[in-house]
Amino acid sequence: MTNGCRHFRSDPPRIGILGGGQLGRMTALAAIRMGVSVRTLSPESSAPVEGLGESMTGDWTRTEVLESFAGGCDVITVESEWAPADLAARIVGPDIPVLPRPRTLEQIRHKGVQKDLLLQAGIPQAPYRRCESIEEAQQAAAELGYPVVLKKYQGSYDGYGNALANSESEIRSLWPLLSGPDGILVEGWIDFKREIATLVARRPGGEGVIYPLVDTIQRDHRCHAVLAPGSSDSEITSRARDLAVRCAEAVDSVGILGVELFETRDGSVLVNELAPRPHNTGHYTIEACHTSQFENHVRAILDWPLGNPDLIVDAAVMVNILGRSDSKVSLESIPDALQEHSGSIHIYGKTDSRPGRKMGHVTVTASDTESARRYAESIVSRILI
Ligand SMILES: Nc1ncnc2c1ncn2[C@@H]1O[C@H](COP(=O)(O)OP(=O)(O)OP(=O)(O)O)[C@@H](O)[C@H]1O
Ligand SMILES: [Mg+2]
């Protein structure tokens, strides 16, 4: 044991990643670059991680599948809060840590549980009610004031699972689409000035680093672009970063914790939601920071010293590449898209495209966010994938 770091059975250490999408892919790439071995497990064949380390496919709710995945791994991580981390932890026992810890994932996975935890920790957030019936949701909306945001408790992402309701009848018609066995989350609508986000990377002992605050631009409740550095003033920036660190402490996160926030028009900062993993709002860090979120996620779960999260460029903008139609993926449009401006292109290796699906992203670095955004949008607008 040196530097207080954990000593692993295998050298190089092997990390197991539950999940095989773009986050697993970029985490695997960062690990492989550092010489760390990677094994992934996905419930269905997962093109983004194929060819990166050892990729396994199998029913990850089955003990024997998890046992054969975990055997020979030194640490297991997840690419999503819905991966079966608790089952994996029970099966592998204390010798192979599952990080972030299953308890952290439990606290974040259910939006009602997450909100209650942040409330107890004194973290400011949008007012909300947990409602078990349509009548309770209508009553909550009357108290909070219309419009309200209805949120599915579990399994929502990229805005699938959220809807704005303006009336009692809209609540009634949205209820069957969004409610689960324990109802629905009703949130007061925040007339925010901007949406902002940051990332905290944290080692098992709590030592951490925090990334710059960025502006995030959503379209259809879904991340479209990320601008670094953000445009909040220094007072808001430092409050947002303090809140993010408090969130990381409240859930005792290990690895990357993505923190989405609102800056309101009256100058307050509210936490919107947490993500216990590398996050779409942190993809810009690959080109724009000393150490990317993916590298720091790997270092954190290995309990290695964390790298510097600061920007190495004046400005960077990331724009997501979304699918536009149901089709097989084609890279034909890419050479032409890259003709005019210089940008880093990331394609996630998915075989099928469909409207709104995240297929890749482009990051452009420049002397200011305005020009970086212009160039990034221009590249992305020419990509038909
Ligand atoms: N209370 C609110 N007031 C105003 N806008 C909101 C509110 N809650 C959510 N939104 C908008 O909807 C977007 C998606 O909401 P949220 O982050 O809760 O959903 P999600 O599906 O988990 O998102 P994702 O996976 O894309 O982060 C937010 O980024 C914001 O633009
Ligand atoms: Mg969100």
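Just above, that's the structure.
Bear in mind the structure is a predicted one, so any value in this text is a computation, not a measurement.

Go over empty space enclosed by the protein, please, and point to the residues and values.
Considering all chains together, one arrives at one cavity of 30 Å³ or more under this definition. Size it by volume and the largest cavity reaches roughly 50 Å³. As for the largest cavity, its lining consists of Lys 111, Gln 114, Lys 115, Lys 151, Leu 185, Glu 187, Asn 272 and Glu 273. Those elements giving two or more residues to the lining of the largest cavity turn out to be helix H5 (111-120), strand E8 (184-188) and strand E14 (269-275). A total of three residues in the lining of the largest cavity trace back to one element, the largest contributor, which is H5.

Got a sec to walk through the packing of helix H1 (residues 22-33) against helix H10 (residues 293-301)? Specific residues and values, please.
Close contact between H1 and H10 brings their axes to 8 Å; oriented N to C, the two are set at 70°. Compared by their axis directions, H1 and H10 come out roughly perpendicular. Here Leu 23, Met 26, Thr 27, Ala 30, Ala 31 and Arg 33 of H1 come into contact with H10, specifically with Phe 294, Glu 295, His 297 and Val 298. Split by residue class, the contact of H1 with H10 holds six nonpolar, two polar and two charged.

Quick one: what's the story with the coordination of the magnesium ion (ligand 2), residue by residue and with numbers?
Four donors placed tetrahedrally around a metal ideally meet at 109.5 degrees, and six donors placed octahedrally ideally meet at 90 or 180 degrees. For the magnesium ion (ligand 2), the full set of protein donor atoms is Glu 260 (OE), Glu 260 (OE) and Glu 273 (OE), and the range of their distances to it is 2.0 to 2.7 Å. Classification of the site at the magnesium ion (ligand 2) as irregular follows from its six donor atoms and the range of 52 to 169° in their angles at the metal. A residue pair is termed long-range when its members are at least 10 positions apart, and Glu 260 in strand E13 (residues 255-264) and Glu 273 in strand E14 qualify at 13 residues. According to the relative accessible area criterion, Glu 273 is partly exposed, its value standing at 22%.

The rules behind these values
- Residues numbered from 1 in each chain as written.
- Chains lettered and ligands numbered in written order.
- Predicted model: local features only at pLDDT ≥ 70, side-chain atom pairs only at ≥ 80, totals over all residues.
- Heavy atoms only, no water.
- 1 Å grid on protein atoms, 1.4 Å probe; cavity = no way out; pocket = protein on both sides within 12 Å on 5 of 7 lines; lining within 4 Å.
- Points joined across faces, edges and corners; volume = space filled by probe spheres on them.
- Helix = DSSP H or I, 4+ residues; strand = E, 2+ residues; numbered from the N terminus.
- Axes fitted to C-alpha atoms, helices over the stretch in contact; angles between N-to-C directions.
- Parallel < 35°, antiparallel > 145°, perpendicular 65-115°, else oblique.
- Contact = heavy atoms within 4.5 Å.
- Nonpolar A, V, L, I, M, F, W, Y, C, P; charged D, E, K, R; others polar.
- Donors = N, O, S within 2.8 Å, 3.2 Å for Na, K, Ca; no water.
- Tetrahedral: all angles 85-135°; square planar, octahedral: opposite > 155°, others 65-115°.
- Buried < 20%, exposed > 50% of the residue type's maximum accessible area, 1.4 Å probe, protein only.

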